[in-house]
Amino acid sequence: QVPLVESGGGLVQPGGSLRLSCAASGRTFSSIAMAWYRQTPEKERELVATIFRGGITTYADSVKGRFTISRDSAKNTVYLQMNSLKPEDTAVYSCNTYPPGLLPWGQGTQVTVSS
């Protein structure tokens, strides 16, 4: 199976925004639930946002109102729009199915929020 490829991370100041992308060649996401996860060396992997078949979305309380998950079925891509970023959002962000693990994990993309 082809691993997922995440992109769009980087260094941003508190209050800034980033948009992450997740794609997999040859995969179609529209029929399965997809999610964004994040992990730091100090914490276990955390579920950040989920998009279900039909477009229903759910979010961790810590990002609700700031992050938006979406997908473009034509491009086989899932996005995470992150606004009003905080230092505690610093992590490696990865996407996968929900529940996780039905697809190979990618490398993830580092998001660092710092002044």
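Now for a look at the structure at hand. (Residues numbered from 1 in each chain as written. Predicted model: local features only at pLDDT ≥ 70, side-chain atom pairs only at ≥ 80, totals over all residues. Heavy atoms only, no water.)

1. A closer look at the sheet that holds strand β2 (residues 10-12)
- One open sheet holds the six strands; their spatial order is β2-β10-β9-β4-β5-β6, and the pairing between them is mixed. Two strands lie at the open edges of the sheet, namely β2 and β6 (57-59), each paired on one side alone. The average undirected angle you get between the axes of adjacent strands in this sheet is 25°.
- Sheet topology note: the strand β9 (residues 91-97)/strand β10 (residues 109-113) ladder contains three bridges and is antiparallel. Paired with Val 92 across the two strands is Gln 110, which belongs to β10. (Pairing = 2+ DSSP bridges. Helix = DSSP H or I, 4+ residues; strand = E, 2+ residues; numbered from the N terminus. Axes fitted to C-alpha atoms, helices over the stretch in contact; angles between N-to-C directions.)

2. Quick notes on the side chain of Arg 66
- In this structure, Arg 66 sits in the loop between β6 and β7 (67-72).
- Engagement of the side chain of Arg 66 in a polar contact is seen with the backbone oxygen of Ser 62, the distance being 2.8 Å.
- With residues near it in sequence (within four places) discarded, Arg 66 still touches Gln 81, Met 82, Asn 83, Ser 84, Leu 85, Lys 86 and Asp 89. (Polar contact = N/O pair within 3.5 Å; in protein donor to acceptor, adjacent residues only side chain to side chain. Contact = heavy atoms within 4.5 Å.)

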